[in-house]
Amino acid sequence: DQCVQADLARKMVFLTGPRQVGKTTLSRQLISQRGGQYLNYDVAADRAIILNQRWSPQAPLLVLDEVHKMPSWKAWLKGVYDGKPQGQQLLVTGSARMDTFRQGGESLAGRFFGLRLHPISVREWCDHTGAEPEAALAHLLERGGFPEPCLAPDATEAQRWRRQYFDGLVRNDVLEFSRIQEVAAIRLFAEMLRTRVGSPLSLASIARDLAVS
């Protein structure tokens, strides 16, 4: 969180990363340390506050989550940033696809720093648990680096999380970019990639197996 705090002192910060990697947890930790307000566009009560800009002007830190789902969100966010009270810091969080959405247009140019939150690394797990690097690597290869499966009490719970996460990834994130009729093929494509890790990647071969161009 030191990198986030350093950047917040200078500009608006976009904190992105995969779903359930810990963005909301980090945001709430920052608010607990310095005070502020957290608003999620997916929550109806919060959405009303966001659309009417009725958050507290005295909040030292304002966290806006998932606002990239709002129509014309970049122009709206530009106005919020340019009109915010002096001294109020602005943290905008969202899933990895916000990286793609914010690349178009120049309305936010020069107003933000982008940071990406990654899953737990071998070094972080060693620092957290005192494990040796070899044991940390074995644990992360088995469980993955997302906090919930990594910290799960057993492998069964971790596997349950992975199944739910994969289903949500296809149903929620992929639909942002693809036509509905392609979802079944995309799910099969993702499953095929699992079996081909470590092998040469042939897009032509995958296309033949999926029966798509």
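Below: a short report on this structure. (Residues numbered from 1 in each chain as written. Predicted model: local features only at pLDDT ≥ 70, side-chain atom pairs only at ≥ 80, totals over all residues. Heavy atoms only, no water.)

Some remarks on helix 7 (residues 133-143)
Residue pairs spaced three or four apart in an α-helix point in one direction, given the helix's 3.6 residues per turn. We count it as follows: With a 1.4 Å probe rolled over the protein chains alone, any residue whose accessible area is under 20% of its type maximum counts as buried; one over 50% counts as exposed, and the rest are partly exposed. Strands are runs of DSSP state E lasting at least 2 residues, helices are runs of H or I lasting at least 4, and numbering of each runs from the N terminus. Throughout, the arc means that of the directions going from the helix axis to the C-beta atoms.
Of all the residues in helix 7, the buried ones are A136, H139, L140 and R143. The buried residues of helix 7 occupy one face: seen down the axis, they fall within an arc of 95°. Looking at helix 7, the residues exposed on the side facing more than 90 degrees away from the buried face are E134 and L141. Remark: G144 follows helix 7 within two positions and exhibits a positive phi of approximately 85°.

What to know about the pattern of salt bridges
Our working definition: For this document, the term salt bridge refers to a Lys or Arg side-chain nitrogen within 4 Å of an Asp or Glu carboxyl oxygen.
Per the counting criterion, the structure on display carries 6 salt bridges. Between R111 and D82 there is a salt bridge; the shortest N-O distance is 3.0 Å. Taken together, the residues span a long stretch of sequence, with R111 in the loop between helix 5 (97-101) and strand 5 (112-116) and D82 in helix 4 (residues 73-83) at a distance of 29 residues. Accessibility expressed as a relative area gives 44% for D82, which makes it partly exposed. In this structure, R196 and D209 form a salt bridge, with 2.4 Å as the shortest nitrogen-oxygen distance. Here the residue R196 occupies a position in the loop between helix 10 (183-195) and helix 11 (203-210), and D209 occupies one in helix 11, the gap between them amounting to 13 residues. Classification of R196 as partly exposed rests on a relative accessible area of 28%. Overlapping salt bridges bring together D42, E66 and K69 as one network.

Structural notes on the sheet that holds strand 5
By definition, the strands of a sheet pair up through backbone hydrogen bonds, in either a parallel or an antiparallel sense. Heads up, the rule is: Note: two strands are recorded as paired if DSSP finds a minimum of 2 bridges between them. Inter-axis angles, ranging from 0 to 180 degrees, are taken between N-to-C directions of lines fitted to C-alpha atoms, where helices are fitted over the stretch in contact. When checking whether two residues touch, look at their non-hydrogen atoms; a contact exists if any pair is within 4.5 Å.
In spatial order, the strands read 2-3-4-1-5; together these 5 strands make up an open sheet with parallel pairing. Two strands bound the open sheet, and with one partner strand each, they are strand 2 (37-40) and strand 5. Sheet twist, expressed as the mean angle between neighbouring strand axes with direction ignored, is 20°. In terms of strand pairing, strand 3 (residues 61-65) meets strand 4 (residues 89-93) through 5 bridges, oriented parallel. Bridged to D65 within strand 4 is T93. Across the sheet, helix 3 (residues 44-52) is in contact with strand 2 and strand 3; its angle to strand 2 comes to roughly 105°.

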